[in-house]
Each structure stands twice: as C-alpha cells, then as structure tokens.
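Chains, contacts and geometry: an overview
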Number of protein chains: 2
Amino acid sequence: MSNAPDLAAVKGYLLDLQDRICASLADEDSRAAFATDEWSRNQPRASAGPALGGGGRTRILAEGEVFEKAGVAFSHVTGAALPPSATAHRPELAGRPWVALGVSLVIHPRNPRVPTSHANVRFFSTTGPGTVEPGQSSSVPGQTNPVPEPAPVWWFGGGFDLTPYYGYEEDCVHWHQTARDALAPHGTALYPQFKKNCDDYFFLKHRSEPRGIGGVFFDDFSALGFDASFALLRAVGDAYLPAYQPIVARRKNTATNDTERDWQLYRRGRYVEFNLVQDRGTLFGLQSGGRTESILMSLPPLVRWDYARVPLPGTEEHRLHTDFLRPRDWVPES
Amino acid sequence: MSNAPDLAAVKGYLLDLQDRICASLADEDSRAAFATDEWSRNQPRASAGPALGGGGRTRILAEGEVFEKAGVAFSHVTGAALPPSATAHRPELAGRPWVALGVSLVIHPRNPRVPTSHANVRFFSTTGPGTVEPGQSSSVPGQTNPVPEPAPVWWFGGGFDLTPYYGYEEDCVHWHQTARDALAPHGTALYPQFKKNCDDYFFLKHRSEPRGIGGVFFDDFSALGFDASFALLRAVGDAYLPAYQPIVARRKNTATNDTERDWQLYRRGRYVEFNLVQDRGTLFGLQSGGRTESILMSLPPLVRWDYARVPLPGTEEHRLHTDFLRPRDWVPES
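Figured I'd write up the structure that's included with this text. Keep in mind the model is a prediction, meaning the values are calculated, not measured.

1. So, the interface of chain A and chain B
Chain A puts 34 residues into the contact, and the matching count from chain B is 34 residues. On the chain A side of the contact with chain B, A:Glu293, A:Trp305 and A:Tyr307 bury the most area, a combined 29% of that side's loss. Counting every contact that joins chain A to chain B gives 4 salt bridges. The shortest N-O distance in the salt bridge between B:Glu63 and A:Arg304 comes to 3.6 Å. Our count for the contact surface shared by chain A and chain B stands at 13 residue pairs in polar contact (both at pLDDT 80 or more). Counting only elements with at least two residues in the side of chain A that touches chain B, the list comes to strand 2 (52-62), helix 5 (258-278), helix 7 (292-295) and strand 10 (302-304) of chain A. With 6 residues, helix 5 of chain A is the largest single contributor of residues to the side of chain A that touches chain B. Grouping the amino acids of the side of chain A that touches chain B by side-chain chemistry returns 17 nonpolar, 6 polar and 11 charged. Note that strand 10 of chain A and strand 10 (residues 302-304) of chain B share 3 bridges and pair antiparallel. Directly across from A:Arg304, in strand 10 of chain B, lies its bridge partner B:Leu302.

2. Examining the relation of the copies chain A and chain B
In screw terms, the move from chain A to chain B is a rotation of 180° and a rise of 0.0 Å along the axis, fitting with an RMSD of 0.0 Å. In short, the pair behaves as if placed about a two-fold rotation axis. For chain A, the residue whose C-alpha comes nearest the rotation axis is A:Val303, separated from it by 2.6 Å. Comparing contact sets, 100% of the residues at the interface of chain A also lie at the interface in chain B, consistent with an isologous, same-surface contact.

3. Description of the sheet that holds strand 2 of chain A
Residues and elements named next belong to chain A. If you walk across this open sheet you meet the 7 strands as 1-2-3-4-5-6-9, and the pairing is antiparallel. This sheet does not close on itself; its edge strands, each paired only once, are strand 1 (35-40) and strand 9 (214-221). Within the sheet, the average angular offset between the axes of one strand and its neighbour, ignoring direction, is 5°. The strands touched by helix 2 (residues 169-183) within the sheet are strand 5 (116-126), strand 6 (154-163) and strand 9, with strand 9 carrying the most contacts at an inclination of about 35°. Helix-sheet contacts for helix 3 (residues 190-201) involve strand 6 and strand 9, and the interaxial angle to strand 9 is about 100°.

Definitions and limits used
- Residues numbered from 1 in each chain as written.
- Chains lettered and ligands numbered in written order.
- Predicted model: local features only at pLDDT ≥ 70, side-chain atom pairs only at ≥ 80, totals over all residues.
- Heavy atoms only, no water.
- Contact = heavy atoms within 4.5 Å.
- Buried area = accessible area lost by both parts, 1.4 Å probe.
- Salt bridge = Lys/Arg side-chain N within 4 Å of Asp/Glu carboxyl O.
- Polar contact = N/O pair within 3.5 Å; in protein donor to acceptor, adjacent residues only side chain to side chain.
- Helix = DSSP H or I, 4+ residues; strand = E, 2+ residues; numbered from the N terminus.
- Nonpolar A, V, L, I, M, F, W, Y, C, P; charged D, E, K, R; others polar.
- Pairing = 2+ DSSP bridges.
- Least-squares fit on C-alpha atoms with pLDDT ≥ 70 in both.
- Axes fitted to C-alpha atoms, helices over the stretch in contact; angles between N-to-C directions.

Without other data, these values stay purely geometric and don't point to any function.
This is the structure we're talking about:
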C-alpha cells in the first residue's frame, strides 16, 4: 500500500529536522553549543499507570550569548493505553495502545528584542485492536467479506508560533508570510485555517490575552492521506528555520537595557502560565507519565511575576498589548 | 439555631486575621509595607460563564528586605453556578449558586535560608435550591411533614505548609509542633489526619516529590457542626504566625551567597509547577472566572528553570531532597 503510514520515514525526517535546526541555531549563537541527552524508558514507572516505552534525544543549549535557553527535543514514545487528554476529540480511542513521534522546540533568546519561538511537528498513531497498524492493511485474515477500512487512527499535528516582547511589524509579517508560502502548495485553504487554529489555541483564557502573534497550528490531520499529509508536515517543519532565523539575525544585536530585560522576564510568566495551565502537549505528557524534564524544557530559564503590573500608555510595552497581542491578519490569505 | 452557619462571624474573623498577619510580617521586614488593593466584581465577565459577584482585599508587600514578595488576600466571592473543580467530591452540588470567603497567603522570603510558607482558611457554602441557606432552617413553609435536614452544604477548609530551600530540623519540628498543639484541643485525631492530608495534597505527581515539609491541611470539614468547626478554623488560622514568624526571625539574617540564591530560584519553579498544574484552589479560581491577579499572587517574584538539574551528593542542596523532601514524622502525634 503506497499510501500506508510509514513510521520509519517519519522518524528519519524528524531526526534530520532536529539536526538541521540545532546546527542553524548553534551557528546563530557564537558562544554555546547544544548538549545531547539521550534517554529511554522501557519499564513502567512505579507511580504511572500503563506501561510506557520508547525514548528520545533531547538537545539543550543553555546560557548562550544569543539564546539564553534553547531546547529541541526528538521523542519516540509508546504507551499501553491512551490517557484522556489525548482523546478528548476521539473518545472511542481511549485506553488504546499508542505511539507518538515528534520534534518539539522552544527557543528563549537573551535579548528582549528577539522573540521567543515555539514549533513542533508530530505523528501519532494508535495500535490497538480493530485499528490499522501503521504499514498494515486492515483486512482481517480469514474474513470472507472485507469490511470498509476503519476511520484513520493516525494523524499528524504541528505548527509554530511567535511570542515577541517588543513588537516589530516586519517580523510578524515575515513570520506569517513564510508560513503561508510554505502551506500554499498543499492547498490555499490551509493557511487561513491553520492561522485561525493557532490564534484560537494560543490564547490565555484567564488573561483574555493571546500568547503571542500566532503563526500556524494543526492537529488530528490525516485528511490528505498519509503521503500528502506527511508532505504537509515536512512543509511546516522545514519552514520554521526560514521563518525564525532571519528575525533572530536582525534583532540579536539590538541595544537593550534593564527595563526591557525586566519586561521580558515578566512576559515570560505568561509563557509558563500557558504551558502549565492549558497546553495539551504538556498536560498529555505529564498525565501519560512522560519524561518531566523533556516536557518542561519549554519553560523559560528565568521568569518574574509582579502583582497587577500594567504598562504605561505610550510605551513600547503598552504597544505590545494594543498593537500585537490581538488577532490580526498579518498577510493576505493567499 | 445556635449552631447555624454565621457568615458575618466568619467574615469578621477573616478580616481581622488578615490584619494581624500583615502587621506582624511588616514588623519582621524593616523596609517594605503592604499595599492594599480592594476590588469587586459585580457584573458577569464577558468571557466567563455564570454571573459572579463579590470582591476582596488583596495585600501585597513587594521588594522588602526580608520578604521579596508577600501576598495576603481576603476574598468574599459569590457565583451563580459551582464549577466542576469545586465539586469533584460532591457532584450533586454542581451548578448551584455558592459563596466563598477566605484568607489565602503565600510568603516568598528573599534569603534562601528562610522557607516559603503558604496558608489559607476558608468557608464555602452553596445557596441553591434544596439547600440550607446559612442562618436559615431547612423547614419548608407550609409543608406539614418536616423532612430530615439535608446533608450539610457548607464546609470549612484550610491549613498551612512550609517549603524550605535549605533544611533545618528544628524549624520543621517547630512548624509541626505548633500545628499539632493548636489542633489538640479540638481532637487528638486531627493532627495526624490533617498532617497526612497535607503530605498527600502537596505532592508533585510529575516529579514524584513533595512540595515541601508539609504541615496540616483539611477540606470539606463540617463534621463538628458550625460552632466547633469554626473554632477549629480559627485555631488553624491563629497558629500560622506562631508557626512561621519565629523561623523567619531565626533565619532572616543568615549569611548567604549567589549559589544559594540560584538554588532558591530553581526550587521556586516547583512551587509554580504545583500551583499551576495541580492546586485545586488555583484551578477553581481560574475555572470559575476568578480574579487572575489575586489567584496568581502566589507565584514567586523570580524563578528559574534548568534542564535536568541534580544537586551533588554531599551538598546541603542534596540533603534537602534526601532528608527533608520525604514524608517524615516531625513530632509525636500527640
């Protein structure tokens, strides 16, 4: 079956993507390099529920000149039973064995003029009874009347979003333009849809505030069949560096000061709030007995909270709220 | 009914408790004072579900010499329908109108040798159909055959727990001894039970690690009837200062250094993780459309996260894990 899920191909792509992203970011930083932490978990954790397997290759750059903390993680994990957080939209899959492969990254630059970025690309598949094993047909041997293929039980997801501390129109336009252009060959309806997904998802409910200026985001995606869906995933994964690196290069040497640093640390608090209170990936990871250090590598290196802090009107900090942290159409849809 | 819930008495006690605690902590700090932020919410928020009312008096001390951030909040809030997070143990109450009064505090000292402390005392009551309004009998006018009183739909909760960055046996013993002695007049079974509640509750599941060295904690408490339950609440509320202040006084001038400061900031990350991922009060507040700034005043002023940080064996930081962050019987049970 030419259009059957190909786990090995996905894995190969993801490992290469991680390599390429780390190499480019390390180039951008003149001081620090990525350290690699390979890990595996082949035994059930005492306190976790179902057995878990697999492992990962977490890469962390800490205390760089440009990047205060950059984490780029590949993981390939399996579980004996899907936890509720993963199956909110597909309750019929609860409790099934599963496999998940992905690259997830969060980059926290040192200079407040450089935005934080997040990206991930992932493949998810259940492997339970009555489902199609990746690479297998669903025909049951010995069954004389073939039944229709069951609904797909694999999907892709991913995207990238940008979180500035100080707003630059041209950076936001470049970010969204790169996303739009990468998606265009796969369907012009995708960018507006994925952009809206991103705006909807990265929104702090308890603050009534977007996390940043968005980007693109998709999940539960199998609509194009495996080959074309995988090509879409690659388009998104491959677009991250061209979207982010020019912004880093343009802003990393901007003069800054303690006031801006303080604002950056304060705004990073919103990132923590989103990831720990709302993020599906984080909650899925923690609920499924995932590897805490890898899941929480997204948290910023240094963060501050202040009570009822409000920027003064007329300042750049205030302009971040009024001009950037609201849903905007940064580029024409196609 | 002499044993009927007395909302006004609870409110009076809580406001006075807030005054006393703030005055004593301000005395302990030679530089900063508490600022008071009175707030109210008498209209439904656009994005929240059911209508919310009430208000509060939040007091914050920021950038003190002894306390880097101290928040002591009184609130008296009402809602038209109980959210799920408040009714996990009492599903029959979901959707009912409610009123909640409480004092909640978190103290983040500057010196890493002084532990962080948290306390809260609260009263909760539903006011919906079929329930007993505080201060009213449940007899239905005109009904000739009085039915038995329904199960209590008000309760008290509260407690206090301590989170050291460096362990001192004598501080932990003093903390638990004060709690035990305060509870003893209300029943010798209470301390062991409330101590266990606290150990069970303040445990970071995803770290398999206690948040600190515990204390006492209780919830859904109405077992002694209103008067005696309220007396128990006061015993807990009144014990907080005698439990904490001597520890602050003893440690606040201890010499410290950047390594210890760094460790404190790192360990504060656990506090954030607990409050945003697990804490019932935080989740209840955010889910019920509560006032975000008051709810999140518990978050530390400055926090750091490091990937896979493990203290070296033989250090005091390592000893915190091995000797203090594990369930221990700090004092004899009675």
